[in-house]
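So you can see what is in the structure, the chains are spelled out below.
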Amino acid sequence: FTLRRFAPQLVTDGMAEKEILCKYKRSHSAMNTNPVVPSFALLAGKVDGGGSFCEDPVELAKTIGLTGEVMVWVNDESDSEGEKASLAQVELILDLMPARVGGPGFSSNAKVYDWLDKGATKVVVSYSESQLGFLDGVPKDRISILITVQGSTEEGATLAGGRQLKEAMDEISYYADSIMMKFQDPAAPLDRTAVEKAKEALSKGMRLALLDAASNTDDVGWTDSIGVESVLCKKMQDGSLPLEQALGAALVSDRPDGLIPTVVVDEDLVSLGLCYSNLQSVREAVVRRVGVYWSRTRGLWIKGLTSGATQELLRIDLDCDRDAMRFVVRQSGVGFCHMEQMSCFGDDHGTLGALMRTLIDRKKNAPAGSYTKRLFDDPALLKSKLLEECEELLAAEDTKEVAWETADVVYFAFAACARHEVNLAQVQRNLARKALRVRRRPGNAKPAGWKPGDPSPDKDTAAGS
């Protein structure tokens, strides 16, 4: 996979453009789920299973996490040394992107709470009849129940063991707002009837995901059209259903040329411009992890290949109808626009992203007499100014003064970030993780003389905000 990413030749050369059109019309009632959630398993801190996946979990997450979220399975025995090594890798992944976690060790209230507080978007728990009581008190919107289905009858989807799914729904829906479903025979073709029966059994508002059930792009397109996620691990790992193909399987277009409008934004979600994509450009973008589009006049367009204004591709989002995309990129060089500015819609002065880029640039290329460079070189001055501006903000009384002083605090706080080469995406990721905590600290002030490493004055509470 990594070798293909850096290969100079096009990996999709000669592909038929008609492949981009998904033949299934997405239902208007379908929930706006992810079409594809890449997944992998860990064992003793390394990626389990080999295949096209590298052993390093963090590098793998960077490679396949372009859809915005990954599913990580921890296959080690609970509380083993192997599990400790795997969970350490999960924490590193959560530093980078949203992730769901699951595995045999997630079977206690304390562990589920701990990992939700660490920023896991959901914890996936295996279903066992009348054995879900340990989830009492855990917010149900953060839990997904993993079920195994053997098939379906006229009555509905049948769980392994013969029980009807609808008979288990009262218990499942009490503890979770979503189900992840796998089939007892993972090698069998996708049983679409069983999927439809399972979807019918869901309580109102619940979501359904399929684990390693989609065998091909047609399966992915069909499941996405009815609002069901495809969580892919083994098919991606053995190379039979790469991410770029699975993602493209959900795309549709009503344009005669089959192109997909693609909004390009920076890490702060500020629009840089509008491009077009097709299946070939999407595949190139995913494999290379850079901004690749389809020019209506020049064909395949790798942004920055000649100008040097390259883009690192961070995430690909599909809109609710799957006929438009958003590429989140980290733009380098003079900017996205051919007019040598960051955005085709004009300068972005005043945005947080513009400020952070300027400060990071000052660290590398500060002009003579730069005050920002002086702050980088004198940490005591930076500390003094940041504390001073915080005090002035707290003393401000009218709205204009508060806004003015807040801007100063932001500038000096971002200067502290840039000094340590922390970018805006890292700050935003930490904000997102903090927002996902389910247990809140009281927020008590630290005593005078407190220093890092001293005991915290706070203790976790069971819930609250």
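Look up: the structure comes first, before these words.
First things first, this report covers the structure right here in the doc.

About the thresholds
Residues numbered from 1 in each chain as written. Predicted model: local features only at pLDDT ≥ 70, side-chain atom pairs only at ≥ 80, totals over all residues. Heavy atoms only, no water. Helix = DSSP H or I, 4+ residues; strand = E, 2+ residues; numbered from the N terminus. Rg over C-alpha atoms; globule rule 2.2 N^0.38 Å. Buried < 20%, exposed > 50% of the residue type's maximum accessible area, 1.4 Å probe, protein only. Areas by Shrake-Rupley, 256 points an atom, 1.4 Å probe, with all protein chains shown as cover. Lys, Arg positive; Asp, Glu negative; His and termini not counted. Charge placed at Lys NZ, Arg CZ, Asp CG, Glu CD. Polar contact = N/O pair within 3.5 Å; in protein donor to acceptor, adjacent residues only side chain to side chain. Contact = heavy atoms within 4.5 Å. Pairing = 2+ DSSP bridges. Axes fitted to C-alpha atoms, helices over the stretch in contact; angles between N-to-C directions. Phe/Tyr/Trp six-rings, centres within 6.5 Å; stacked < 30°, edge-to-face > 60°. Lys NZ or Arg CZ within 6 Å of the ring centre and 35° of its normal. 1 Å grid on protein atoms, 1.4 Å probe; cavity = no way out; pocket = protein on both sides within 12 Å on 5 of 7 lines; lining within 4 Å. Points joined across faces, edges and corners; volume = space filled by probe spheres on them. Nonpolar A, V, L, I, M, F, W, Y, C, P; charged D, E, K, R; others polar.

1. A short note on the overall build of the protein
Piece 1. Along the backbone of the protein there are 15 helices and 16 strands.
Piece 2. For the protein, the C-alpha radius of gyration of 24 Å lies close to 23 Å, the compact-globule estimate for 465 residues.
Piece 3. Across its three principal axes, the protein shows a C-alpha extent of roughly 75 × 60 × 45 Å.
Piece 4. Among the 465 residues that make up the protein, the fraction classed as buried is 47%.
Piece 5. Summed over its atoms, the accessible surface of the protein is roughly 22800 Å², and 52% of this surface lies on carbon and sulfur atoms.
Piece 6. Where the 56 positive side-chain charges of the protein centre and where its 67 negative ones centre are 2 Å apart.

2. Comments concerning the side chain of Gln-331
Piece 1. Of note, Gln-331 is situated in strand E16 (residues 325-331).
Piece 2. At 3.1 Å, the side chain of Gln-331 and the backbone oxygen of Ala-309 are in polar contact.
Piece 3. Here the side chain of Gln-331 touches Gly-335 through a polar contact of 3.5 Å, landing on its backbone oxygen.
Piece 4. Residues within four places of Gln-331 in sequence aside, it is in contact with Leu-272, Lys-303, Ala-309, Thr-310, Gln-311, Phe-336 and Met-342.

3. What about helix H4 (residues 109-117)?
Piece 1. Those residues of H4 that sit buried are Lys-111, Val-112, Tyr-113, Trp-115, Leu-116 and Asp-117.
Piece 2. Where the residues of H4 are buried, they touch helix H3 (81-96), strand E4 (99-102), strand E5 (123-126), strand E6 (143-153) and helix H15 (424-435).
Piece 3. Just beyond H4, the residue with positive phi is Gly-119, at close to 110°.

4. Structural notes on the sheet that holds strand E12 (residues 271-277)
Piece 1. Pairing within the open sheet is mixed, and its four strands lie in the order E12-E11-E16-E15. The sheet is open, and its two edges are formed by E12 and strand E15 (311-318), each paired on a single side. Averaged over all pairs of adjacent strands, the angle between strand axes in this sheet comes to 25°, irrespective of strand direction.
Piece 2. Judged from the seven bridges that link them, E15 and E16 form a sheet pairing that is antiparallel. Bridge pairing in E16 links Gln-311 to Gln-331.

5. Some remarks on the packing of aromatic side chains
Each aromatic ring pair is characterised by the separation of its centres together with the angle its planes make.
Piece 1. Following the criterion strictly, the structure yields six aromatic pairs and no others.
Piece 2. Residues Tyr-371 and Phe-412 carry aromatic rings whose centres are separated by 6.5 Å and whose planes lie at 90° to one another, so their mutual orientation is edge-to-face. Here the residue Tyr-371 occupies a position in helix H12 (residues 371-377), and Phe-412 occupies one in helix H14 (residues 399-419), the gap between them amounting to 41 residues.
Piece 3. What makes Tyr-371 partly exposed here is its relative accessible area of 34%.
Piece 4. Residue classification places Phe-412 among the buried positions, given a relative accessible area of 5%.
Piece 5. An aromatic cluster is built from Tyr-293, Trp-301, Phe-327 and Phe-336, whose rings are joined through pairwise contacts.
Piece 6. Its guanidinium or amino end placed over the ring of Trp-115, Lys-118 lies 4.3 Å from that ring's centre, counting from NZ or CZ.
Piece 7. The positively charged end of Arg-298 is found above the aromatic ring belonging to Trp-301, 5.5 Å away from the centroid.

6. Some thoughts on the layout of surface pockets
The gaps of empty space that remain are located by a probe, the size of a water molecule, rolled over the atoms.
Piece 1. Computed from the structure, the largest pocket encloses a volume of approximately 1300 Å³.
Piece 2. Every residue lining the largest pocket is counted, 49 residues in all, and those nearest its centre are Gly-68, Leu-96, Met-97, Pro-98 and Arg-315.
Piece 3. Elements with a minimum of two residues in the lining of the largest pocket: helix H2 (57-64), H3, strand E8 (178-183), strand E9 (207-211), E15, E16 and H15.
Piece 4. No other element matches E15, which puts six residues into the lining of the largest pocket.
Piece 5. Class assignment of the residues belonging to the lining of the largest pocket gives a composition of 19 nonpolar, eleven polar and 19 charged.
Piece 6. If you add up the space inside the second largest pocket, you get close to 790 Å³.

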